[in-house]
Amino acid sequence: MTLKETILSVENLKVKLGGVSILDIPSFCIREKEFVSLIGPNGSGKSTLLLVLNCLVRPVAGRLTYRQDDISSREATFDYRRKVSMVFQEPLLFDTTVYNNVASGLKIRGMQKDETRERVMRYLKWFNIEHLAPRSARKLSGGEAQRTSLARAFAIEPDIIFLDEPFSALDPPTRNALTEDLASILRETGITALMVTHDQTEALRMSDRIIVMHNGSIVQQGTPLDVMNNPSNEFVASFVGMDTILQGKVVKASDGVVTISVSGAEIDAVSNAKFGETVYCCIRPENVSIELVHPDDLTSARNIFLAVINDISSFGPFLKLTLDCGFPLVSYVTREAFAVLDLKEGKKVFAAFKATAVHIIPGK
Amino acid sequence: MKLLKTASFSLAAFAFAFLATFAPTISQAAPANKTIILATTTSTQDSGLLDELLPVFEKQTGYFVKTISVGSGQAMKMGEKGEADVLLVHSPDAEKKFVAEGYGVNRMLVMHNDFVILGPKTDPAKIKGEKSAKEALKKIAAANALFMSRGDNSGTHALEKKLWKSTGMNPEGQKWYQETGLGMGQTLSVAAEKNGYSIADRGTYLALKKNLGLDILVEGDGALLNIYHVIEVNPAKWPKVNAAGAKAFAIFVVSKKAQAIIKTYGVKKYGSPLFFPDAGKDPKSLGL
Amino acid sequence: MDLILEGLIKAFQLIIALDAEVLGITWLSLKVSGVATFISVLIGISTGMIVALTRFPGKKFVVSVVNTGMGLPPVVVGLFVTIFLWRNGPLGFLDILYTPTAMIFAQAVIATPIVMGISIAALQNLPAKMRLQILSLGATRLQMVWILLREARLPLMAAVMAGFGGVISEVGASIMVGGNIKGYSRVLTTATVMETGKGNFDVAFALSIILLFLVFLVNFLFTIIQQRERPR
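Residues numbered from 1 in each chain as written. Chains lettered and ligands numbered in written order. Predicted model: local features only at pLDDT ≥ 70, side-chain atom pairs only at ≥ 80, totals over all residues.

1. Description of the domain arrangement of chain A
Residue and element names in this part refer to chain A.
Then, number 1: Annotation of chain A at the domain level lists domain 1 (6-237) and domain 2 (242-362).
Then, number 2: Computed from C-alpha coordinates alone, the two centres of domain 1 and domain 2 are separated by 39 Å.
Then, number 3: In this complex, domain 1 contributes 6 residues to the contact, which on the side of domain 2 involves 6 residues.
Then, number 4: Class assignment for the residues of the side of domain 1 that touches domain 2 results in 2 nonpolar, 3 polar and 1 charged. (Domains from an automatic or database assignment. Contact = placed C-beta atoms within 7 Å. Nonpolar A, V, L, I, M, F, W, Y, C, P; charged D, E, K, R; others polar.)

Right, dumping it as structure tokens:
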């Protein structure tokens, strides 16, 4: 992958509100045509970061650079703001027609009527709301309103578009449809995008890069696979859904394969950790399979444990099993498998997972 | 959006028009020495006499008279504070005090009319035809008949109080004695509504007669004379007073021309004059 | 009952005859209250906007003061303004007591808190992030202010109607600072009180009808504009 040009970067960014530090980011950058997702728990500062990058909030300290130009001065900030746009969680439409809403960014820039018309109709088409042009913004459904907000932001043809959880207020089918449309439009136009989202699947699917934030700092950034499968610390690990995190000591290490002693049991993993090191073993629930009898040679998994089902809870289309193997282990099974295996609390089963499914993080 | 633009533009244009029409109005009154503030009483104003006199004065002299009609009490208070230039009032005892205390100068007799005692046709206190106002009031008190007073320190109120004093009685606080605090016309309306007695100047009574339903029951007593004086506010006390204007008005109101207007005012409308001109007469001839 | 009938008849007579004095009084009422409302709208909406959109210490206090001002008794305003405008008062040098200018001033004082209070409420009622969204679309400060006012136009128009309604029907302050001088500072309300006091109930009635009609007309026009802005 060719290294793209940096379009926006920050240095030593600090934002405070009422004396409390909200953001502290030594350095951060976005590259051209990138789709970056920003994830993190509530209060981690994601939305604030977005507002700072949009120049809607002034940092206490720090420098913002756009295409190598410093944009701290009032004038530069204004010019920069005219090249970017933002979409919020609420559509925040104006009390007028859909057409007028989408045209508002253009009107603000003093565009002529004909040019405006051409531009507006084009983006209405792209977002499939052409038929809604004369309708009042008050009479739109949630999905239609958000499409209008997106069309409005895109119509000014920004260099960068910022999105703050744009779909979290919509129902799943609408969300999926809109996500698809947004992804394809971004691909076609090549606009750089930075999106805050709570939906990790969404982030996985759409992003070139994911940034994880916690307490106002960036704790990890990388490709989606990278972040999801190789979290750099326990916080990121548990945040990205590695529900099983076990502390243990390396008792055997050779050729990139290690054995970790955890609560008396031994787990095999792939890692370059050294003998005697204290480490964390992180295992995704999806990677733990359940059998009623010892799978023996039927599986290539090196880690097989006898387990008791302690708790069963619902997790979307799956059922989440909390197991006790001498150490706690979390597994997901489909409802079908659950029924076929006739699982219930207290039942003894075998839990199996591959060595490659165990992600090692250095311990404290 | 377009409608809003047009609406706001027209609003602004409208406002401009208003302000433009105003500028002349403001400048008309701006030079203070062309404006005279005349403090007079509601009964004088309501009689309509000033609507006859003032235009003549204004045309003759070019002054603009602002007539502020309040009770005699308030008119004199305004004079005491220098907030009026000239007074036309009818409360002789208070006026004498006003001049004695140095607030007013050149007090001149202008005209008189008289007060009448009014009451319902049924006349429960049986005062009809009584020659003495004093005796009539005594009878009303004895009968506990409803009596409406203005209670507002006006000239009318002052005369009424003087009469009560002369009877040796104090009606205040009695259930049948009610004070409205209102102008003459309104007080009479209340009296008519409640079938009570009252004292009013003949001028107001004549003007309101047709709507009232009250009759004149006692008249002609010298004690019922209502005498008007014009007083200039003392410029020595209040330099801001329009002394020249005040003097001009005072001179006008006792002039032959004005007195002639006063003599005939009301004849056409009511069949008898409302006021009797007295300028230049000896005050003693009126019993003062 | 006869009185009401007489009043109605007199009203028609005066209106149809286009009685010069009545026309003059009506026109003056419109002028005085119109200009006063205009002034109060200028001051009320601009300061209301500043209060609503900026953060500053003591904001809650300021807003409560404004809301209290909305309920200011007009006659109290009239008394205070009169005292200020007396020849020997602090503003006596202006020499505007007993003029329509003083009436405009007093009415503007009465109407401004009303317009301001409703404007503050209207602007604070807009979504909190609306300002950011407008700026993110590249608006200048001025454009943002215009868009916010446009977004709040329905309640703002109500504010104007409330301000106008409050002052055209006001009588206490108008009598005190205007003096009810014939042909000069006499308006519909003050004339009605005077005619009632004189016992000319039919004339008073006629003036009342004209005043009612005027108020209704202005409100009707504004309501049409307001409701028209409502998208279908």
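2. Some words on helix α8 (residues 153-168) of chain C
Then, number 1: Between its first and last C-alpha, α8(C) extends 22 Å over 16 residues, near the 22 Å set by a 1.5 Å rise per residue.
Then, number 2: Every buried residue of α8(C) is accounted for by C:Leu156, C:Met157, C:Ala159, C:Val160, C:Met161, C:Gly163, C:Phe164, C:Gly166, C:Val167 and C:Ile168. (Helix = DSSP H or I, 4+ residues; strand = E, 2+ residues; numbered from the N terminus. Expected span 1.5 Å × (residues − 1). Buried ≥ 20, exposed ≤ 12 C-beta atoms within 10 Å, placed from the backbone.)

3. Concerning unusual backbone geometry
Then, number 1: Despite not being glycine, A:Asn128 shows a phi value in the positive range, around 60°.
Then, number 2: Its place among the elements puts A:Asn128 in the loop between α4 (113-126) and α5 (142-155).
Then, number 3: Judged by local crowding, A:Asn128 falls into the partly exposed class, with 15 C-beta atoms found within 10 Å.
Then, number 4: Unusually for a residue other than glycine, C:Asn180 sits at a positive phi of about 50°.

4. Remarks on the sheet that holds strand β10 (residues 217-222) of chain A
Residues and elements named next belong to chain A.
Then, number 1: Judged by pairing direction, the sheet is mixed, and its 6 strands sit side by side in the order β6-β7-β8-β3-β9-β10 without closing on themselves. Every interior strand has two partners, whereas the edge strands, β6 (84-87) and β10, have only one. Across the sheet, the mean angle from the axis of one strand to that of its neighbour is 20°, orientation sign disregarded.
Then, number 2: Where strand β9 (residues 209-214) lies against β10, 5 bridges are found, and the strand directions are antiparallel. Bridging across to β10, Met213 finds its partner in Ile218.
Then, number 3: The strands that α5 touches are β6 and β7 (160-164); relative to β6, the one it contacts most, it runs at about 175°. (Pairing = 2+ DSSP bridges. Axes fitted to C-alpha atoms, helices over the stretch in contact; angles between N-to-C directions.)

5. Quick look at the pairing of β9(A)
Then, number 1: Here strand β3 (residues 35-39) of chain A pairs with β9(A) via 4 bridges, running parallel. Each bridged residue has a counterpart across the sheet, and for A:Ile39 the counterpart in β9(A) is A:Val212.

6. Quick look at the sheet that holds strand β5 (residues 69-70) of chain A
All names here are of chain A.
Then, number 1: Read from one edge of the open sheet, 4 strands run β2-β1-β4-β5, paired in antiparallel fashion. Pairing within the sheet leaves two strands with one partner each, and these edge strands are β2 (20-31) and β5.
Then, number 2: In the sheet, strand β1 (residues 6-17) pairs with β2 via 10 bridges, with the strands oriented antiparallel. By the bridge assignment, Val10 is partnered in β2 with Phe28.

7. Focus: the pairing of strand β16 (residues 303-315) of chain A
Note on strand geometry: in a regular strand, side chains alternate between the two faces of the sheet.
All names here are of chain A.
Then, number 1: Note that β16 and strand β19 (residues 348-353) share 6 bridges and pair antiparallel. Residue pairing for β19: Ala307 is matched across the bridge by Val349.
Then, number 2: Inspection of the sheet shows β16 paired to strand β17 (residues 318-324) by 7 bridges, in the antiparallel sense. Each bridged residue has a counterpart across the sheet, and for Ser314 the counterpart in β17 is Leu319.

8. Some words on the arrangement of the chains
Then, number 1: Most contacts, when the 2 pairs of chains in contact are compared, are made between chains B and C.
Then, number 2: If you take every C-alpha in chain A and every C-alpha in chain B, the smallest gap between them is 9 Å, and the two do not touch.

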